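Close look at the chain arrangement
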Amino acid sequence: MPSVTVKEIHASVPAKVILFGEHFVVYGTRALAAAINCRLTVGVSGREKSGYHVKIENIPTFGLELDLEEQRGGKALTYKDFSSATRAIAYVKAAIEYLQEQYGLGREGAEIEITSEIPLSAGLGSSAATCVATIAALRAYFGIEGDMNKIQKDAHAVEKLVQGAASPIDTAISTYGGYVLVERNEVKRLRLPELDLMVGCIGSIPLSMDSTKATELSLKTKTLVAGVRERKELFSGIFDPLFDAVDELTAQAIRAIEEGDSARLGALMNINHGLLDAIGVVPRRLSELVKVSQELGALGAKVTGAGGTDDMGGIGSVLVLPGESGARIKAAMEIAGALAMDVKTGGEGLKIEPGY
Ligand code: MEV
């Protein structure tokens, strides 16, 4: 059993945007993601009692607190029982259960405090960020040795446990920061210049949302990935060339970023958006944000992350290369009820800070 070596650990990780290739990446095509300057921190410290107590403060949306040893009907809860707005807790619980199974993490327990600037269910990687930072903080706190690659692999395993199918792209970008290319499920870190982008985010989970709706939203990525799979199987002859197109598109986009060719990069974003629409992950409200950005002079705009559907409230995010039109696009997004954020790509990855 690993021994406790420090009093307190803080692990912080960035949010992410997928620049090119989301969804298609689940089937092995190339996808490019970047860390952005918006972070989530997990603090782990000692506790008088055994068991784990978790406190979450999601700055854009909600705060909650829970004893993870809670029983329901005399039975201890597992991560499968957390399927509403407490979804973030499902990732924490799954991380603890996974570490207990893999490394014999004991039952002495700890206080876990999560502070996040990342909107939930918005395609900006809050789930992966929770997994990576929780795993990293607990591993460091309990003295489980291992490098960043090990943390990323553990976090990806936990994400898959909770969510079903998942490519490694989200956990990789949370861990390494910068830019990450995923190709045939292999993660490669890339050095590319920073980009100034804008994210428009529709509808993080509001406090007032009823639990049925929140449960649906918490399963949003899973539902969307399953929907794409269904359509892919139904229309395989049509989908196959779309996959090849996205693979080539990602390769061309990397060259455009390297060469600083913003016009070409923007045009590729617009094409990627069209392909995401074709596979059915663009709800009306996100489509409108993309169209309005393009109309106001954006060089490129697209849905980013898992996207959404109208019957799940059109929740999700768009990514815009605003060119000279940033202020106008931001104002239009706010009028449309979106949270508009200026973001910089290439943010720092996982940082672990011990307190003795
Ligand atoms: C979600 O952020 C990205 C998806 O491509 C799913 C995945 O890669 O696991 C939609």
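Placed above this text is the structure.
This section reports on the structure supplied with the text.

How each quantity is defined
- Residues numbered from 1 in each chain as written.
- Predicted model: local features only at pLDDT ≥ 70, side-chain atom pairs only at ≥ 80, totals over all residues.
- Heavy atoms only, no water.
- Helix = DSSP H or I, 4+ residues; strand = E, 2+ residues; numbered from the N terminus.
- Buried < 20%, exposed > 50% of the residue type's maximum accessible area, 1.4 Å probe, protein only.
- Contact = heavy atoms within 4.5 Å.
- Areas by Shrake-Rupley, 256 points an atom, 1.4 Å probe, with all protein chains shown as cover.
- Near = heavy atom within 4 Å.
- Polar contact = N/O pair within 3.5 Å; in protein donor to acceptor, adjacent residues only side chain to side chain.
- Nonpolar A, V, L, I, M, F, W, Y, C, P; charged D, E, K, R; others polar.
- Pairing = 2+ DSSP bridges.
- Patch = residues over 30% accessible without salt bridge, like charges linked within 9 Å, V, L, I, M, F, W, Y side chains within 5 Å.
- Salt bridge = Lys/Arg side-chain N within 4 Å of Asp/Glu carboxyl O.
- Core = buried A, V, L, I, M, F, W, Y, C linked by side-chain atoms within 4.5 Å.
- Domains from an automatic or database assignment.
- Disulfide = S-S within 2.5 Å.
- Axes fitted to C-alpha atoms, helices over the stretch in contact; angles between N-to-C directions.
- Phe/Tyr/Trp six-rings, centres within 6.5 Å; stacked < 30°, edge-to-face > 60°.
- Lys NZ or Arg CZ within 6 Å of the ring centre and 35° of its normal.

Before going further, it helps to spend a moment on the overall build of the protein. Along the backbone of the protein there are 10 helices and 14 strands. A buried classification covers 56% of the 356 residues belonging to the protein. Of all intrachain contacts in the protein linking residues separated by at least 6 positions in sequence, the fraction that spans at least 24 positions is 75%. Surface summary for the protein: the accessible area is close to 14,700 Å², and the carbon and sulfur share equals 50%.

Looking now at the site of the ligand. Looking at the ligand, the residues that line it are Lys16, Ile18, Glu22, His23, Val25, Val26, Ala166, Ser167, Ile169, Asp170 and Ala306. The separation between an oxygen atom of the ligand and a polar side-chain atom of lysine 16 is 2.8 Å. Computed on the free molecule, the ligand has an accessible area of 300 Å², of which 97% lies beneath the protein chains in the complex. Counting only elements with at least two residues in the shell around the ligand, the list comes to strand E1 (8-20) and helix H4 (169-176). Split by residue class, the shell around the ligand holds six nonpolar, two polar and three charged.

Attention shifts here to the pairing of strand E9 (residues 186-190). Summarising the sheet, strand E8 (residues 179-183) and E9 pair through five bridges and their orientation is antiparallel. Of the residues in E9, the one forming a bridge with glutamate 183 is glutamate 186. If you look at the hairpin formed by E8 and E9, you'll find two residues sitting between the two strands, and arginine 184 has a positive phi there, around 45 degrees.

Our focus in this paragraph is a nonpolar patch on the surface. Taken together, the side chains of Leu234, Phe235 and Ile238 make up a nonpolar region of the molecular surface, amounting to roughly 330 Å² of accessible area. Residue position: isoleucine 238 is located in helix H7 (residues 236-259). A relative accessible area of 54% places isoleucine 238 in the exposed class.

Within the structure shown, the criterion is met by 13 salt bridges. The partner of aspartate 154 in a salt bridge is arginine 139, and the shortest N-O contact between them spans 2.6 Å. Note that aspartate 154 is positioned in helix H3 (residues 148-163) and arginine 139 in helix H2 (residues 126-141), a separation of 15 residues in sequence. In this pair, the class of aspartate 154 matches that of arginine 139, namely buried. Note that glutamate 183 is salt-bridged to lysine 188, the shortest N-O span being 3.1 Å. Linked by salt bridges that have partners in common, Arg139, Lys150 and Asp154 make up one network.

So, on to the nonpolar core. Counting 96 residues, the largest nonpolar core has Leu19, Phe20, Ile112 and Met333 as the members making the most contacts within it. Here this core gathers at least three residues from each of two domains, domain 1 (8-194 + 347-355) and domain 2 (196-344). Excluding residues that lie within four positions of it along the chain, leucine 19 makes contacts with Leu32, Ala33, Ala34, Tyr179, Leu195, Leu197, Asn272, Lys302 and Leu319. In terms of nonpolar packing, the next biggest core, distinct from the first, is built from 11 residues, Ile18, Val25, Ala31 and Val182 among them.

Inspection of the entire model under this criterion finds zero disulfides. Lacking any disulfide linkage, cysteine 38 is separated from the closest cysteine sulfur, that of cysteine 201, by 9.6 Å.

Two packed helices can be described by the angle between their axes and the distance between those axes. At a minimum axis separation of 6 Å, helix H6 (residues 220-234) and H7 run at an interaxial angle of 115 degrees. On the side of H6, the interface is formed by Val228, Arg231, Lys232, Glu233 and Leu234, while H7 contributes Ser236, Phe239, Asp240 and Phe243. Of the residues belonging to the contact of H6 with H7, the class tally is four nonpolar, one polar and four charged.

In this section: the side chain of glutamate 183. Tracing the chain through its elements places glutamate 183 in strand E8. One polar contact links glutamate 183 to lysine 188, side chain to side chain, over a distance of 3.1 Å. If we ignore the near neighbours within four places in the chain, the residues touching glutamate 183 are Gly28, Arg30 and Lys188.

As enumerated under the stated definition, the model contains four aromatic pairs in all. Here phenylalanine 24 and phenylalanine 243 contribute two aromatic rings whose centre-to-centre distance is 4.8 Å and whose plane-to-plane angle is 70 degrees, an arrangement assigned as edge-to-face. Taken together, the positions of phenylalanine 24 in the loop between E1 and strand E2 (31-45) and phenylalanine 243 in helix H7 put the pair 219 residues apart, joining distant regions of the chain. The exposure class assigned to phenylalanine 24 is buried, which follows from its relative accessible area of 0%. Under the relative-accessibility criterion, phenylalanine 243 is labelled buried at 6%. The interplanar angle of 90 degrees and the centroid separation of 4.9 Å between the aromatic rings of tyrosine 141 and phenylalanine 142 together place this pair among those described as edge-to-face. Among the aromatic residues, those joined into a ring-pair cluster are Phe24, Tyr27, Phe239 and Phe243. Above the face of the phenylalanine 243 ring, lysine 232 is positioned so that its terminal group lies 5.0 Å from the ring centre.

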